[in-house]
Amino acid sequence: MMDVSETPQAAGGISSSADRMVGMEHAEVRYFTSYDHHGIHEEMLKDDVRTRSYRDSIYQNRHIFKDKVVLDVGCGTGILSMFAARAGAKHVIGVDMSSIIEKAREIVAVNGLADKITLLQGKMEEVVLPFPKVDIIISEWMGYFLLYESMLDTVLYARDTYLVPGGKIFPDKATMYVAGIEDGEYKDDKIGFWDNVYGFDYSPMKEIALTEPLVDTVEMKALVTDPCAVITLDLNTVTSADLAFRVPYSLLARRNDFVHALIAWFDIEFSECHKPIRFSTGPHAKYTHWKQTVFYLPDVLTVEEGESVSGYLENRPNDKNKRDLDITFTYNFETPDPTRSAQGSCFYRMC
Ligand code: SAH
């Protein structure tokens, strides 16, 4: 165990991230070093929907934050820690494994908050906090498709280890949605391309192309079906085991069209605020850096208004690298016209 609580705060680069990562799995090193670079933090900070929702949920709830001990899990540049300190927290502890925390220290200092915020470099699962318990946990842990490369496990560890009974988690709810889209042109370009490459059959490449979900913005007009909420994670009660799930979905077609792909997105809620705050990463909402995740289907479904496509979404962390996801969509489309009916399942890996 690493006891970084005794390391001098002001010293800045106490030891490099590389030293701290000795013995860590390659995938973990890759994950944490990706956060060393300032560009990734710039992208997150510039995601106004994201950052403003966190700011509002904290600033509009000064009565909740006042005189509380707050833990910022994965503090990055320290933005959420500073929101909490400005909202009147007694003390904020920010923890991050990445070397970006050295910049967070400088930022906290130039903003005159060094006496209110303690920043610890290390893995959340290994550091020793200067307080045995905390009243509030704040964290921005969401990845693409909500759970890809996600650090939700880490937030749950922090909750189970440090949160006082009745303590609050900001945000506390995440809901995942699925819908069907028309995307023939792009599918032809991305998947159909492999059917004929300079006169050669490249179908072995097509299989890989199909298993790779695409993170991209989807236009609202591409939606053929209603969205379907498939799962809500309540951060107060969810366990790591719940992050492997198989949930049903049913999608009602809103017009006669073709369904080439299923898409997924998530909404995030700060429901324990005075006035709940929610933001969506869906195609109907303002752009966020999470965009949407597109899963191309092996079949094209010819749907008529009022018909439904149903099936299951199965998600589990990959056995070898728990930050990767193994995702399966099964689909069942039954119509009176057997030439249009289709059933199948498709496996995807996010890595
Ligand atoms: N809170 C910041 C950064 C969010 S990105 C903001 O809102 O802008 C998530 C951060 O969590 C990254 O900097 C990453 O290095 C850190 N992180 C992820 N898992 C961690 C763990 N197990 N221990 C410590 N830090 C972790």
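Residues numbered from 1 in each chain as written. Predicted model: local features only at pLDDT ≥ 70, side-chain atom pairs only at ≥ 80, totals over all residues. Heavy atoms only, no water.

## Examining the overall build of the chain
Phase 1 of the analysis: Along the backbone of the chain there are 10 helices and 15 strands.
Phase 2 of the analysis: Here the chain has a C-alpha radius of gyration of 22 Å; the compact-globule value for 351 residues is 20 Å, and the two agree.
Phase 3 of the analysis: The dimensions of the chain, computed from C-alpha atoms along their principal axes, are 70 × 45 × 30 Å.
Phase 4 of the analysis: Considering the chain as a whole, with its 351 residues, one finds that 52% of them fall into the buried category.
Phase 5 of the analysis: Taking the intrachain contacts of the chain between residues at least 6 apart in sequence as the baseline, contacts between residues at least 24 apart amount to 74%. (Helix = DSSP H or I, 4+ residues; strand = E, 2+ residues; numbered from the N terminus. Rg over C-alpha atoms; globule rule 2.2 N^0.38 Å. Buried < 20%, exposed > 50% of the residue type's maximum accessible area, 1.4 Å probe, protein only. Contact = heavy atoms within 4.5 Å.)

## Quick word on the UniProt feature "domain: Methyltransferase" (unreviewed entry) in the chain
Phase 1 of the analysis: Within the UniProt annotation, "domain: Methyltransferase" (unreviewed entry) is assigned to residues 70-167.
Phase 2 of the analysis: Along residues 70-167 one finds 31% helix and 27% strand; the C-alpha atoms at either end are 10 Å apart. (UniProt positions renumbered as here; feature names shortened; annotations may be inferred.)

## A closer look at the nonpolar core
Phase 1 of the analysis: One finds Phe 65, Leu 71, Leu 129, Trp 141, Leu 146, Leu 147 and Leu 313 to be the most contacted residues of the largest nonpolar core, which totals 95 residues.
Phase 2 of the analysis: Considering each element in turn, this core owes the most residues, 6 residues, to strand E10 (residues 257-270).
Phase 3 of the analysis: In contact with Leu 147, other than residues within four places in its own chain, are Trp 141, Leu 152, Met 176, Leu 233, Leu 243, Phe 245, Asn 315 and Leu 325.
Phase 4 of the analysis: With 17 residues, the next largest nonpolar core counts Ile 191, Trp 194, Leu 223 and Ala 261 among its residues. (Core = buried A, V, L, I, M, F, W, Y, C linked by side-chain atoms within 4.5 Å.)

## Quick look at helix H6 (residues 79-86)
Phase 1 of the analysis: Burial analysis of H6 places 6 of its 8 residues in the buried class, the great majority of the element.
Phase 2 of the analysis: Positive backbone phi, at 100 degrees, marks Gly 88, one or two positions downstream of H6.

## Some details on the site of the ligand
Phase 1 of the analysis: Near the ligand you find 21 residues, and of these Arg 50, Gly 74, Asp 96, Met 124 and Glu 125 are the closest.
Phase 2 of the analysis: Within the side chain of Thr 154, an N or O atom sits 3.3 Å from a nitrogen atom of the ligand.
Phase 3 of the analysis: Partitioned by chemical class, the residues of the shell around the ligand number 10 nonpolar, 6 polar and 5 charged. (Near = heavy atom within 4 Å. Polar contact = N/O pair within 3.5 Å; in protein donor to acceptor, adjacent residues only side chain to side chain. Nonpolar A, V, L, I, M, F, W, Y, C, P; charged D, E, K, R; others polar.)

## Some details on the pairing of strand E14 (residues 325-333)
Phase 1 of the analysis: Counting buried positions along E14 gives 7 out of 9 residues, so the element sits mostly inside the fold.
Phase 2 of the analysis: Here strand E13 (residues 308-317) pairs with E14 via 8 bridges, running antiparallel. Across the sheet, Asn 315 pairs through a bridge with Ile 327, a residue of E14.
Phase 3 of the analysis: Note that E14 and strand E15 (residues 342-350) share 9 bridges and pair antiparallel. (Pairing = 2+ DSSP bridges.)

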